[in-house]
Number of protein chains: 2
Amino acid sequence: MTSLAALKSVAAAVSERDMANAIRALAMDSVQKANSGHPGMPMGMADVATVLFSRFINIDPTAPDWPDRDRFVLSAGHGSMLQYALHYLLGYEDMPIEELQRFRQLGSRTAGHPEHGHALGIETTTGPLGQGISTAVGMALAERMLAARHGTDLVDHYTYVIAGDGCLQEGISHEAIDLAGHLKLSRLIVLWDDNAISIDGPTSLSTSMDQPTRFKAAGWLVQSVDGHDIEAVAAAIEAARQSDRPSLIACRTVIGKGAPNLGGSEKTHGAPLGDAEIAATRENIGWAYAPFEVPDEILSAWREIAVRGQAARRAWGQRLAASPQREAFERAIRGKLPDAVFEALGAFRKEHVEKATKVATRKASEMALAAINDANELTVGGSADLTHSNLTITKGMDRIVPGGYAGRYIHYGIREHGMAAAMNGIALHGGFVPYGGTFLCFADYARGAMRLSALMSQRVVYVMTHDSIGLGEDGPTHQPIEHLAMLRATPNLNVFRPADIIETAECWELALKSETRPSVLVLSRQNLPMQRQAHSDENRSSRGAYVLREPSAHRAVTLIATGSEVEIAIAAAERLETGHGIAAAIVSMPCWELFEEQNGDYRKSVLGSAPRVAVEAAARLGWDRWIGDTGAFVGMIGFGASAPAPDLYKHFDITPEAVAATALRLII
Amino acid sequence: MTSLAALKSVAAAVSERDMANAIRALAMDSVQKANSGHPGMPMGMADVATVLFSRFINIDPTAPDWPDRDRFVLSAGHGSMLQYALHYLLGYEDMPIEELQRFRQLGSRTAGHPEHGHALGIETTTGPLGQGISTAVGMALAERMLAARHGTDLVDHYTYVIAGDGCLQEGISHEAIDLAGHLKLSRLIVLWDDNAISIDGPTSLSTSMDQPTRFKAAGWLVQSVDGHDIEAVAAAIEAARQSDRPSLIACRTVIGKGAPNLGGSEKTHGAPLGDAEIAATRENIGWAYAPFEVPDEILSAWREIAVRGQAARRAWGQRLAASPQREAFERAIRGKLPDAVFEALGAFRKEHVEKATKVATRKASEMALAAINDANELTVGGSADLTHSNLTITKGMDRIVPGGYAGRYIHYGIREHGMAAAMNGIALHGGFVPYGGTFLCFADYARGAMRLSALMSQRVVYVMTHDSIGLGEDGPTHQPIEHLAMLRATPNLNVFRPADIIETAECWELALKSETRPSVLVLSRQNLPMQRQAHSDENRSSRGAYVLREPSAHRAVTLIATGSEVEIAIAAAERLETGHGIAAAIVSMPCWELFEEQNGDYRKSVLGSAPRVAVEAAARLGWDRWIGDTGAFVGMIGFGASAPAPDLYKHFDITPEAVAATALRLII
């Protein structure tokens, strides 16, 4: 590694405009070579990004996960070449020039949109618009919370976001900026690429929003600058850093800046410029170098930034080594929950098997959470304004309030999507294990960010109560039907639907241990009896499905159920036994995904060879996998209705009688 | 029906406060009797609603579908007792007092949240917060568009919305108010129940948003009034009606107004007040009547409103009868597309079978749309800023612009959720058949409103392109995996994934004819060959699935595919035939839902008795229904990746080779 002094002497003659032009050239050349991609944004925001990195951002490419680094989020993820160009210029070891030459090719690190985990230093996956800015709110919140716990000696960094018009038009941005403004997340600085161009053409085709006023209404500091005026951008960032509120810097830019004919047009947004325009751009910006060539002095100027970051990281390392907080801080960053959590959950299960506790699984979740939250400090809860319905707060959890971040409970507001994105940001930032609640039906609203939890392999726990027609009177708008299928079809997501208090505790344990996969806990509003006949140290839910009741006689039929319908299946089995002398096994299947991962022998032993009836108060889609050609399904065909829950179960024929009759039809 | 004069004389002595108290009493009594529901909002907004109806709204309860009625949308749908109380008081024939006494009971018209189609005069289904205000934007837009076509003699009404804090916190509200402000939808008037209470407690727990400033930033006229000051509310509504922009009236209210102990508290939001507080409220507001009793003079005052509406409706009927626009207007309101549309599509199919046209199905959709839009005037298109990717605009479609509503193409902006809700509003309003485009992956963003399209049985057509890894370089954030399962699991929604230009035209025909069910057209980015061997007058997609190729020999295996994977299945069949002498049938399955509706014999004849291999570049979930115990699936297991599409198909092993090898494993 070249020394700082040597680099400085080389770089002295290099202007930030030159440095920015390196980004422009790399972006247009990479998109051209790939014949796919978005040159307009990287070229338009090259100056802003250069100022941001050259003067402000503290990162160390040799330690991309250094906990106190500044976070950089490219919310306008289609401009991924901006990020890859930066990473090459800054010297990330996994981003040599060859990767830029393989932009958007199979196996390259330079995916179409920035993907967390796919290349070093990508803080979050972006592309679906609005996600980056909303995830950044979670990061900025986590920073303040971690600082409140461990001190600004160890935690003192900024979250910088580059966002486009699309990010600010998406609804999720409203949820994010309202939450950030409310909580006074002063370390959040959003640089808006105000180029007035969207894919269809000028943004005036579809919006007349006065964005600065909108952000002011949300309590943000707002500044407007010429995004190509280096000093103006720098001054605005400096003022933003001093603010006691989150900051928007509206950077007026020209999309495709530098391209003499296409600059300023939507034509530069999502297509290569073409050889002729690229040549003209080279001429126009005075870039005399070959494709993918960056002269040494400009590269050195960029690498100097990394050297500054390294120095900061080393100084931080010394503070950490000397800190009384060191052990606690490192534990938090590792994200490993103490054994005490799982011991507490084990004791919890034993206690409630013995007591045969009958509660709604949402209540069981609250009780389990009390044990979990008492036994660790990393879990941070919240709800999208349904705290006392989701039962997500436990005794002694202080609230996060504007300017006060020492608590561990977040009132996310009526913002399911914003909550999910913020939880992604909290998990990505590190130091916490976030969980948050809403009604299962409103997974619809949170979908965009929930998918990213899964794609980014983040341990985010969704507590989704009121999980079926069992919620009763609120009616079909609130009764999930297709939501289980939607979530189960999502890759890398565990969907847990526990049947009783014991399974609820087991599923919580599995969710907390699932460090690279988000979980959804699907919980009932209504009371459900405890179903276990004895305590076992083994977490029986861990295999996804298991035989809850094996009849003494040879199985004539297997009844498979999840959640609140396990009780119905058991009652059906009793009817079959006493009324018809038919032996029915009960399989509880709290997690399809984990069951699918078991070996074939185990799966066969659970499912058995007798005909199967599945019972779930939801859509059938997906169940044929488990019931097979000779099986049957008892569940919902259409939407629900508004009535007390017991009336609805009867009305929709999801009853022990119906299950028993279905079983009889199969086996007689 | 009592005469207007007689009613007036009775009602003269009745104040609007008395009329509002009738709402309060009915709301608290109904919630108490149901032991479930939300009294706080109806009681808080009773005064505002009374002013709105008594002085402004033109509706006729005896003709609830009168096209030129004012629209009333209760966006804060949990306050459904406000709407039911109004409907009883106004005299809707399906809302006698007995229905209020059966609030939230099975089979009653008084569902937990207002449901369109479930009781007369409910303009849209609400409950999921933010949907009402966003749907209302579509209604207000449709009103202007219909007026532009048929004149203000026939179309001249307002859309009034009551929205709560929750509606305004949800992200979708941002998309809606930005679009409404941009398009200057001056007939949209939103009355915000500014009670500063949400479910968790004071809204200050989670928001510091300056809502008036926010709405001003979006180009709205904003007024703030005491929501219990009858004259102030009236003056604000009058001013809003004169505005050239959409209006927000912030009505400062006390939640549960009238309840002496609980008023102003979140405790009145979602639970009965209890007998003691109800008695105290009666005392406090001077309501000396028994539960569900409304004295004649107050009832008469309310019924007079209906009489005013009837008069307006009759006058309108006379204008219609005399209008040269009558026929065209009535055709639009009926929503029946002319035969010419379907004749054009038939000719289109014949032409392209003969030409063997090979295009992406998104391009095929554009070509079909050109024929459709030329042959009718009711279809109105749009896209969430992906017009030239979704290919949703056709020649000669003028754009809707601020203040100019004569066009038929809407730039919805980067607002998938807002677009879907607006399309619901356009469909509910009547006069148009809306379709709108985005990428299939961003069905995630639109989910909340798409579900309501289905729940409300509205003919809304979603044009969702870039439907698999076949989109290539944009990578996993843009590549749908679980989305087909999510949509197929949704009740009352047809999901079409056509395989070529012919199926695309067939699916468009089915979508347009599906008057009580929304449709999703799932379309490829990449080119796909025409697969039919001859033209048939029959719409072969209409049965959901059909045998595209039957081998001359007895079927040894059946290959089932949808969309872009039909080409792969056919190539696999050719490999099996030429390489192994194995006879494979090809089943194309563009619509699961329609296939499920066929009789068992047809389904069996298509699926056959040979082993089946399904091919779809998406999640497996749901496919076991069609492949059975002996079948296999070739598709996606996890998320996609960024690379050119052909590389991805190879990488994920969705190839003719892989399908043929899978088939061989099954049958040998």
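The numbers attached to residues start from 1 for each chain and follow its sequence in the written order. Key to labels: chains lettered from A, ligands numbered from 1, both in the order written. Thresholds applied to this predicted model are a pLDDT of at least 70 for local features of residues and 80 or more for the giving and counting of side-chain atom pairs; totals over whole chains, interfaces and linings are not thresholded and use all residues. The basis for every side-chain value is the complete set of non-hydrogen atoms in the structure, without hydrogens or water.

Named according to an unreviewed UniProt entry, chain A is Transketolase originating from Mesorhizobium tamadayense. UniProt positions are given in the numbering used here, feature names are shortened, and annotations may be inferred rather than shown by experiment. One UniProt comment on chain A, placed under Catalytic activity (unreviewed entry), says "D-sedoheptulose 7-phosphate + D-glyceraldehyde 3-phosphate = aldehydo-D-ribose 5-phosphate + D-xylulose 5-phosphate". Under the Subunit (unreviewed entry) heading, UniProt states for chain A: "Homodimer."

Some thoughts on the packing of helix 2 (residues 16-34) of chain A against helix 12 (residues 275-285) of chain A
All names here are of chain A. Angles run from 0 to 180 degrees between N-to-C directions of axes, and those axes are lines fitted to C-alpha atoms, restricted for helices to the stretch in contact. In this description a helix means any DSSP run of H or I spanning at least four residues, a strand means any run of E spanning at least two, and both kinds are numbered starting from the N terminus. Interaxial distance between helix 2 and helix 12 falls to 11 Å at its minimum, and their mutual angle equals 170°. Classified by the angle their axes make, helix 2 and helix 12 are roughly antiparallel. Facing Asn 21, Arg 24, Met 28, Asp 29 and Gln 32 of helix 2, the residues of helix 12 in contact are Asp 275, Ile 278, Thr 281, Arg 282 and Ile 285. By the convention adopted, Pro, Cys, Tyr, Trp, Phe, Met, Ile, Leu, Val and Ala count as nonpolar, Lys, Arg, Asp and Glu as charged, and the other residues, Gly among them, as polar. Grouping the constituent residues of the contact of helix 2 with helix 12 by class yields three nonpolar, three polar and four charged. An angle below 35 degrees is treated as roughly parallel, one above 145 as roughly antiparallel, one from 65 to 115 as roughly perpendicular, and anything else as oblique. Residue contacts are defined here by distance: any two heavy atoms, one from each residue, within 4.5 Å place the two residues in contact.

As for the UniProt feature "binding site: Mg(2+)" (unreviewed entry) in chain A
According to UniProt, the "binding site: Mg(2+)" (unreviewed entry) feature falls on Asp 165, Asn 195 and Ile 197 of chain A. Look at the named residues: they lie 33 residues apart in sequence, but the longest C-alpha span between them is just 7.7 Å, so in the fold they bunch up. Mapped onto the fold, Asp 165 of chain A is located in helix 8 (residues 165-169). Summary of the burial criterion: residues with accessible area below 20% of their type's maximum are buried, those above 50% are exposed, and those between are partly exposed, where the area comes from a 1.4 Å probe applied to protein chains only. By relative accessible area, which is 12% here, Asp 165 of chain A ends up buried. Beyond its immediate sequence surroundings of up to four residues, Asp 165 of chain A is in contact with Trp 192, Asp 193, Asn 195, Ala 196, Ile 197 and Thr 203 of chain A together with Ile 414 of chain B. With respect to the element layout, Asn 195 of chain A can be found in the loop between strand 3 (188-194) and strand 4 (197-198). Beyond its immediate stretch of four places on either side in the chain, Asn 195 of chain A contacts Asp 165, Thr 253 and Ile 255 of chain A.

Observations concerning the UniProt feature "site: Important for catalytic activity" (unreviewed entry) in chain A
Per the UniProt record, the feature "site: Important for catalytic activity" (unreviewed entry) sits at His 38 and His 269 of chain A. Across 232 residues of sequence, these annotated residues stay compact in space, with a maximum C-alpha separation of 5.3 Å. Relative to the helices and strands, His 38 of chain A resides in the loop between helix 2 and helix 3 (40-44). Every residue in contact with His 38 of chain A, bar those within four places of it in the chain, is listed here: Val 31, His 78, Gly 79, Arg 104, Thr 268, His 269 and Gly 270 of chain A together with Asp 474 of chain B. In terms of polar contacts, His 38 of chain A uses its side chain to reach the backbone carbonyl oxygen of His 78 of chain A, at 3.5 Å. The topology assignment puts His 269 of chain A in the loop between strand 7 (247-252) and helix 12. Classification of His 269 of chain A as buried rests on a relative accessible area of 13%. Any N or O atom pair separated by 3.5 Å or less is treated as a polar contact, with the protein-specific requirement of one donor-capable and one acceptor-capable atom, and with residues adjacent in sequence counted only for side-chain atom pairs.

Here we look at the domain arrangement of chain A
In terms of domains, chain A is made up of domain 1 (16-317), domain 2 (339-529) and domain 3 (544-667). Where each domain begins and ends is defined by an automated method or by a domain database. Its C-alpha centre places domain 1 of chain A at a distance of 52 Å from the equivalent point of domain 3 of chain A.

Observations concerning the confidence of the model for chain A
In regions of low pLDDT, the predicted coordinates are not meant to be interpreted in detail. When pLDDT is averaged along chain A, the result is 97; 98% of the residues meet or exceed 70. Interface confidence in the predicted complex, given as ipTM, is 0.97; pTM for the same model is 0.97. pLDDT expresses, on a scale from 0 to 100, how confident the predictor is about each individual residue.

What to know about the side chain of Ser 243 of chain B
All names here are of chain B. With respect to the helices and strands, the residue Ser 243 is situated in the loop between helix 11 (230-242) and strand 7 (247-252). Judged by its relative accessible area of 12%, Ser 243 falls in the buried class. If we skip the residues at most four places from it in the chain, Ser 243 touches Ser 186 and Leu 221.

Structural notes on the interface of chain A and chain B
Between chain A and chain B, the contact holds 98 residues from the first and 98 residues from the second. Roughly 8,000 Å² is buried in total at the junction of chain A and chain B, and carbon and sulfur atoms are behind 58% of that figure. Salt bridge, as used here, is a side-chain nitrogen of Lys or Arg placed within 4 Å of a carboxyl oxygen of Asp or Glu. Our count for the contact surface shared by chain A and chain B stands at ten salt bridges. Across the chain A-chain B interface, the total number found is 53 residue pairs in polar contact (both at pLDDT 80 or more). Among the residues forming the side of chain A that touches chain B, the class breakdown is 35 nonpolar, 38 polar and 25 charged. Accessible-area loss on putting two parts together, using a 1.4 Å probe and summing over both, is the definition of buried area adopted here.

What about the sheet that holds strand 6 (residues 221-226) of chain B?
All names here are of chain B. Two strands are said to pair when DSSP picks up at least two bridges between them. Taken in spatial order, the five strands make up an open sheet running 1-2-3-7-6, and their pairing is parallel. What marks the edges here is a single partner per strand, and that holds for strand 1 (71-74) and strand 6. Going from strand to strand, the sheet's axes swing by 15° on average, the running direction of each strand aside.

A closer look at the sheet that holds strand 11 (residues 433-439) of chain A
Residue and element names in this part refer to chain A. On the basis of which strands lie adjacent, the open sheet formed by six strands has the order 10-9-11-12-14-13 and parallel pairing. In this open sheet, the two strands that pair with only one neighbour each are strand 10 (409-411) and strand 13 (494-496). Strand after strand, the sheet turns through a mean of 20° between neighbouring axes, direction not considered. As judged from the four bridges shared by strand 12 (residues 461-465) and strand 14 (residues 519-522), these two strands associate in the parallel manner. Pairing of Val 463 across the sheet is with Leu 521, part of strand 14.

Thoughts on the relation of the copies chain A and chain B
In this comparison the copies share one frame, found by least squares on the C-alpha atoms of residues holding pLDDT of at least 70 in both. With an RMSD of 0.0 Å, chain A superimposes on chain B once it is rotated by 180° and translated 0.0 Å along the axis. On the angle and the small slide along the axis, the relation comes out as a two-fold axis. A share of 100% of the interface residues of chain A reappears at the interface of chain B, consistent with the copies meeting face to face through the same patch.

What to know about the packing of aromatic side chains
Stacked, edge-to-face and tilted are the three classes for Phe, Tyr and Trp ring pairs, Trp counted by its six-membered ring, which pair at centre distances within 6.5 Å; planes under 30 degrees apart are stacked, over 60 edge-to-face, the rest tilted. Applying the stated criterion to the full structure yields 30 aromatic pairs over all chains. Their ring planes at 85° and their centres at 6.0 Å tell us that Trp 592 of chain A and Trp 626 of chain A sit as a pair that is edge-to-face. Taken together, the residues span a long stretch of sequence, with Trp 592 of chain A in helix 23 (residues 592-596) and Trp 626 of chain A in helix 25 (residues 624-627) at a distance of 34 residues. Trp 626 of chain A shares its class with Trp 592 of chain A; the two are buried. We call a charge positioned above a ring when the Lys NZ or Arg CZ atom is no farther than 6 Å from the ring centre and deviates by at most 35 degrees from the ring normal. Between the NZ or CZ atom of Arg 488 of chain A and the centre of the ring of Trp 592 of chain A, over which it lies, the distance is 3.9 Å. The ring of Tyr 602 of chain B carries Arg 543 of chain B above its face, with NZ or CZ at 3.8 Å from the centroid.

Some points on the nonpolar core
Here, nonpolar core refers to any group of buried Ala, Val, Leu, Ile, Met, Phe, Trp, Tyr and Cys residues whose side-chain atoms link them within 4.5 Å. Residues Leu 188, Trp 220 and Leu 559 of chain A together with Leu 188, Trp 220 and Leu 559 of chain B are the most contacted members of the largest nonpolar core, which totals 258 residues. Leave out the neighbours within four places in its chain, and Trp 220 of chain B touches Ile 177, Ala 180, Gly 181, Leu 188, Val 190, Phe 215, Arg 245, Pro 246, Ser 247 and Leu 248 of chain B.

As for the pattern of salt bridges
Taken as a whole and judged by the stated rule, the model has 81 salt bridges over all chains. Its salt-bridge partner being Arg 241 of chain A, residue Glu 238 of chain A comes within 3.8 Å of it at the nearest N-O pair. One end of the pair, Glu 238 of chain A, and the other, Arg 241 of chain A, are both in helix 11 (residues 230-242), three residues apart, so they sit about a helical turn from each other. The class of Glu 238 of chain A is partly exposed, set by a relative accessible area of 33%. A salt bridge links Arg 349 of chain B to Glu 506 of chain B; the nearest nitrogen and oxygen atoms lie 3.4 Å apart. Here Glu 506 of chain B lies in helix 21 (residues 501-513) and Arg 349 of chain B lies in helix 15 (residues 339-355), a separation of 157 residues in the sequence. Residue Arg 349 of chain B shares its accessibility class with Glu 506 of chain B, and that shared class is buried. A cluster of three or more residues bridged by salt bridges with shared partners is formed by Asp 467, Arg 488, Arg 497, Glu 565 and Glu 616 of chain A.

With respect to the pairing of strand 6 of chain B
A regular strand carries its side chains on alternate faces of the sheet. Residue and element names in this part refer to chain B. Bridging between strand 6 and strand 7 involves six bridges; their strand directions are parallel. By the bridge assignment, Leu 221 is partnered in strand 7 with Ser 247. In this view, the connection linking strand 6 to its parallel neighbour strand 7 by way of helix 11 has right-handed handedness. The handedness rule is simple: strands pointing away from the viewer, and a clockwise path from the first strand over the helix to the second, make the crossover right-handed.

Observations regarding the environment of Ser 173 of chain A
Along the chain, Ser 173 of chain A falls in helix 9 (residues 171-182). Leaving out residues up to four positions away in the same chain, Ser 173 of chain A has contacts with Ile 133, Ser 134, Cys 167, Leu 168 and Arg 214 of chain A together with His 174 of chain B. There is a polar contact of 2.7 Å between the side chain of Ser 173 of chain A and the backbone oxygen of Glu 170 of chain A.

Observations concerning helix 9 of chain A
Residues and elements named next belong to chain A. Helix length check: helix 9, at twelve residues, gives a terminal C-alpha distance of 17 Å against a target of 16 Å (1.5 Å per residue), a fit within 8%. Along helix 9, twelve of the twelve residues are buried, which leaves the element largely enclosed by surrounding structure. Taken residue by residue, helix 9 has Gly 171, Ile 172, Ser 173, His 174, Glu 175, Ala 176, Ile 177, Asp 178, Leu 179, Ala 180, Gly 181 and His 182 as its buried positions. Lys 184 occupies a position one or two residues after helix 9 and carries a positive phi of about 55°. One less than the number of residues in a helix, times 1.5 Å, gives the span that helix is expected to have.

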